[in-house]
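Notes for the structure review
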Amino acid sequence: MPISQRAAAPPGFTLVEMLVTVAVLSILGMVALPSLTAFTARNQLSALSSDFVSSLALARTEAARAGLPVLVLPTSGGVTGNEFAKGWSLYLDRNSNGTADTGDTLLRTYPALPGTLKLQGTSDLRFTALGYLSPAAAVSFTLCPNAALRDGVQITVPPNGLADVTRITTCA
């Protein structure tokens, strides 16, 4: 008979091994979560900035194509400092009166902003049949996260109607 025979250990993890693994994963998760949140906020900021600038380019193009003014209007329900919170729409201003009414054609509607972002600026824009802003003055919009992040985007539309995007670090 052999001097020492041990029973084979059952397969699997012990409770101590499992607790140590869970503790290590929890610590790694706590370290990674803030950077993941910031990454998501920056990604949403970039996507919304692209959507807004492309909607301005569409409005300008449609105005020149149709030979009529196009209005960029926030959807009602936005608040001061976040005028475009509920989204925005583009209207072909068929009667050239500067307001969206029953004779005008809705070109496109954009959805509400995610709750993590705010877009503030002039409440409406009007592109003339030549694609210029009316009145002929530069207009600025600021797109910022609602979180503690300070990085945002300034979208400036000069009188020629071509939007310019600048990164800013002054979001409050």
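This text goes with the structure placed above it.
Scoring rules and cut-offs
Residues numbered from 1 in each chain as written. Predicted model: local features only at pLDDT ≥ 70, side-chain atom pairs only at ≥ 80, totals over all residues. Heavy atoms only, no water. Core = buried A, V, L, I, M, F, W, Y, C linked by side-chain atoms within 4.5 Å. Buried < 20%, exposed > 50% of the residue type's maximum accessible area, 1.4 Å probe, protein only. Helix = DSSP H or I, 4+ residues; strand = E, 2+ residues; numbered from the N terminus. Contact = heavy atoms within 4.5 Å. Disulfide = S-S within 2.5 Å. Pairing = 2+ DSSP bridges. Axes fitted to C-alpha atoms, helices over the stretch in contact; angles between N-to-C directions.

Regarding the nonpolar core
Judged by nonpolar contacts, the single largest core of 28 residues is most densely connected at Phe52, Leu56, Val72, Leu125, Phe127 and Phe141. Elements with a contribution of two residues or more to this core: α1 (15-66), β1 (70-74), β2 (88-92), β4 (117-121), β5 (125-127), β6 (139-145) and β7 (152-157). When residues in this core are grouped by element, the largest group, seven residues, is from α1. Once you skip the residues sitting within four places of it in the chain, Phe127 turns out to touch Leu56, Ala59, Arg60, Ala63, Leu68, Pro69, Val70, Val72, Tyr132, Leu133 and Gly161.

Regarding the state of the cysteines
This model, assessed by the stated rule, comprises one disulfide. Across a sulfur-sulfur distance of 2.0 Å, Cys144 and Cys171 are joined as a disulfide pair. Every disulfide takes its handedness from the sign of the S-S torsion; for Cys144 and Cys171 that torsion is -75 degrees, giving left-handed. Placement of Cys144 in strand β6 and of Cys171 in the segment after β8 (164-168) is noted, with a sequence separation of 27 residues between them. The residues Cys144 and Cys171 share a single accessibility class, namely buried.

Things to note about the sheet that holds β8
As summarised here, the arrangement of the four strands in space is β4-β6-β7-β8, forming an open sheet in which the pairing is antiparallel. A strand with exactly one partner marks an edge of an open sheet, and here the two such strands are β4 and β8. The sheet shows a mean angle of 20 degrees between the axes of neighbouring strands, direction not considered. Two elements, β6 and β7, share five bridges in a ladder whose sense is antiparallel. Note that in β7 the partner of Val139 across the bridge is Val157.

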